[in-house]
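# Chains, contacts and geometry: an overview
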Amino acid sequence: MQPVHELMILGCGPAGMTAAIYAARKRIDVVIISDDVGGQVSTTFGIENYPGFQYVTGPELVDKFRAQMNQFEIEQHLGEKVVKLNKQEGYFVAQTISGKEYAAKACIITTGAKPKQLGVPGEDKYRGKGVSYCATCDAPLFADATVAVVGGGNSALSSSFELSRIASKIYLISRREWRADEAPLIENVKAARNIEKIIGYVVEAIAGEEMVKGITIKTFPKGDEYKSLTVDGVFVEIGLLPNSDFARGLVQMNERGEILVDCDTWTGVPGLFAAGDVTTVKDKQIVIASGQGAVAVMSAFEYLLKSR
Amino acid sequence: MVDIKIYTTPTCPYCLKAKEYFKKKGIQYKEHNVAQDKEALKEMIRISGGRSVPVITAGEEVMIGFDQSRIEKILEEQKE
């Protein structure tokens with residue numbers, strides 16, 4: 001077991017890095033542990049709603065966050081996935097996949113969320129063989145190809161728009177009218193001549209040989225009409241699943257696995273706070289995650305002062 | 001030391017993570033940007049049977065995606 005820190009931050013996305021910056025400036029003895037850096041931001045093409053930047057790519061914004069965090073001497077354990085979080089004898093103990101343990105008096109969970117899967121035949125078989133959950137990574141591999149993008153939120157539209165500059169044809173499939181609410185993005189997608197909007201359908205199956213060759217879609221919710229589309233790729237952008245499994249049993253979650261927090265980011269467990277997309281916060285936005293990360297440190301600081 | 005090749009796209013964070021890992025460990029690698037290099041893209045699809053980055057090859061071993069524990073194991077085995 002490592003020495004007990006005052007504060008432990010799990011996750012290193014916008015919420016985690018903001019929390020680390022705030023904690024370091026408050027001279028809190030802090031350790032940050034995370035599987036990756038940047039979380040979902042690092043797989044986002046372009047960001048136009050983070051104040052201070054008219055346009056910034058996801059990886060660029062992550063670099064900015066990281067550079068600011070690295071100004072401070074913060075103990076960082078990156079590339080370490082947390083698999084279990086417990087409270088033992090008044091301390092939080094995080095166990096990582098490599099078997100290491102870290103302990104702290106207070107803890108902020110900022111482990112974010114990962115893409116949800118479709119759960120249809122062929123999805124696992126063709127993962128990496130045409131099925132992708134990271135358009136930012138794989139879009140350049142689909143030059144002049146025909147692809148399907150599944151989903152109707154901002155991520156699905158953003159991926160479709162980026163793909164429209166690379167692929168020859170994009171089917172944008174969603175079960176109901178787009179949920180996307182970013183007007184400039186919606187305008188861009190509507191203006192792209194190679195994006196075909198298909199509303200009221202869900203994916204039934206993904207088929208192929210060595211690689212994806214096509215998909216079958218069916219009407220939603222009735223499922224009484226089927227269509228086959230010839231595609232070389234399927235980009236899945238249907239929402240998120242919180243990365244909260246490691247905290248099961250310790251903290252209260254809703255049925256989706258999001259950690260319940262109040263407006264001070266408190267989880268109900270003394271000394272345990274959570275911020276960003278892993279929580280029940282209604283809107284999953286970078287600026288909101290960052291803001292919550294700051295709030296969490298204020299709350300944790302107050303807790304540490306009281307418990308001294 | 002076994003030859004390491006990594007097929008990447010410039011916007012792929014997992015590629016970056018893999019490269020950071022190699023740099024940290026002082027492991028030399030050759031990078032192919034498949035968003036630019038069409039021949040390398042064809043080669044990547046042929047050896048990995050897929051269309052996804054990163055693809056990492058270590059000698060005869062081919063890995064799709066970056067799995068740190070797997071790469072450590074392979075490098076360890078290659079040493080022996």
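Rules behind the numbers
Residues numbered from 1 in each chain as written. Chains lettered and ligands numbered in written order. Predicted model: local features only at pLDDT ≥ 70, side-chain atom pairs only at ≥ 80, totals over all residues. Helix = DSSP H or I, 4+ residues; strand = E, 2+ residues; numbered from the N terminus. Rg over C-alpha atoms; globule rule 2.2 N^0.38 Å. Buried ≥ 20, exposed ≤ 12 C-beta atoms within 10 Å, placed from the backbone. Contact = placed C-beta atoms within 7 Å. Nonpolar A, V, L, I, M, F, W, Y, C, P; charged D, E, K, R; others polar. Core = buried A, V, L, I, M, F, W, Y, C linked by C-beta atoms within 7 Å. Pairing = 2+ DSSP bridges. Axes fitted to C-alpha atoms, helices over the stretch in contact; angles between N-to-C directions. Parallel < 35°, antiparallel > 145°, perpendicular 65-115°, else oblique. Left-handed = near helix turned anticlockwise from the far one by under 90°. Domains from an automatic or database assignment.

Glancing now at the overall build of chain A. Helix and strand counts for chain A come out as 6 helices and 19 strands. Over its C-alpha atoms chain A spans a radius of gyration of 21 Å, differing by no more than 12% from the 19 Å that the globule rule assigns to 308 residues. Burial statistics for chain A: of 308 residues in total, 48% are counted as buried. Look at the contacts in chain A between residues 6 or more apart in sequence, and 62% of them connect residues 24 or more apart.

So, on to unusual backbone geometry. Following Phe220(A), the chain continues to Pro221(A) via a peptide bond in cis, the omega torsion being 5 degrees. With respect to the helices and strands, the residue Pro221(A) is situated in the loop between β15 (212–219) and β16 (226–230). Following Val53(B), the chain continues to Pro54(B) via a peptide bond in cis, the omega torsion being -5 degrees. Summarising the element assignment, Pro54(B) is placed in the loop between α2 (38–48) and β3 (55–58).

It is worth spelling out the interface of chain A and chain B at this point. The partner chain B presents 16 residues to the 18 residues of chain A that form the contact. Ranked by the residues each element gives to the side of chain A that touches chain B, the list is headed by helix α3 (residues 135–138) of chain A, at 3 residues. Residues of the side of chain A that touches chain B, tallied by class, amount to 5 nonpolar, 9 polar and 4 charged.

To continue, consider the nonpolar core. Residue and element names in this part refer to chain A. Core analysis: the largest hydrophobic core is formed by 54 residues, its most contacted members being Val147, Ala148, Val149, Val150 and Val234. Those residues in contact with Val149 that sit more than four places away from it in its chain are Ala156, Ser159, Ser160, Leu163, Ile170, Leu172, Phe235 and Glu237. Counting residues in each nonpolar core, the second largest holds 52 residues, with Phe65, Tyr102, Ile286 and Ala296 among its members.

All names here are of chain B. Ordered in space as β2-β1-β3-β4, the 4 strands form an open sheet in which the pairing is mixed. Strands with a single pairing partner mark the edges of an open sheet, and in this sheet they are β2 (30–33) and β4 (61–64). Strand after strand, the sheet turns through a mean of 15 degrees between neighbouring axes, direction not considered. By the bridge criterion, 4 bridges tie β3 to β4 in an arrangement that is antiparallel. Considered in β4, the bridge of Val55 is made with Ile64. Packed onto the sheet, helix α3 (residues 68–79) meets β3 and β4 and runs at close to 15 degrees relative to β3.

With that settled, the discussion passes to the packing of helix α4 (residues 154–164) of chain A against helix α5 (residues 183–191) of chain A. All names here are of chain A. Remark: α4 packs on α5, axes separated minimally by 9 Å, with the N-to-C direction vectors making an angle of 45 degrees. Taken together, the axis directions place α4 and α5 in an arrangement best described as oblique. Two packed elements cross with a definite hand, and for α4 against α5 that hand is left-handed. Residues Asn154, Leu157, Ser158, Ser160 and Phe161 of α4 pack against Leu185, Ile186, Asn188 and Val189 of α5. For the contact of α4 with α5, the class distribution of residues is 5 nonpolar, 4 polar and no charged.

This brings us to the domain arrangement of chain A. All names here are of chain A. For chain A, the assigned domains are domain 1 (4–114 + 240–307) and domain 2 (131–236). Computed over C-alpha atoms, the centres of domain 1 and domain 2 are 32 Å apart. Between domain 1 and domain 2, the contact holds 5 residues from the first and 6 residues from the second. Considered class by class, the residues forming the side of domain 1 that touches domain 2 number 1 nonpolar, 3 polar and 1 charged.

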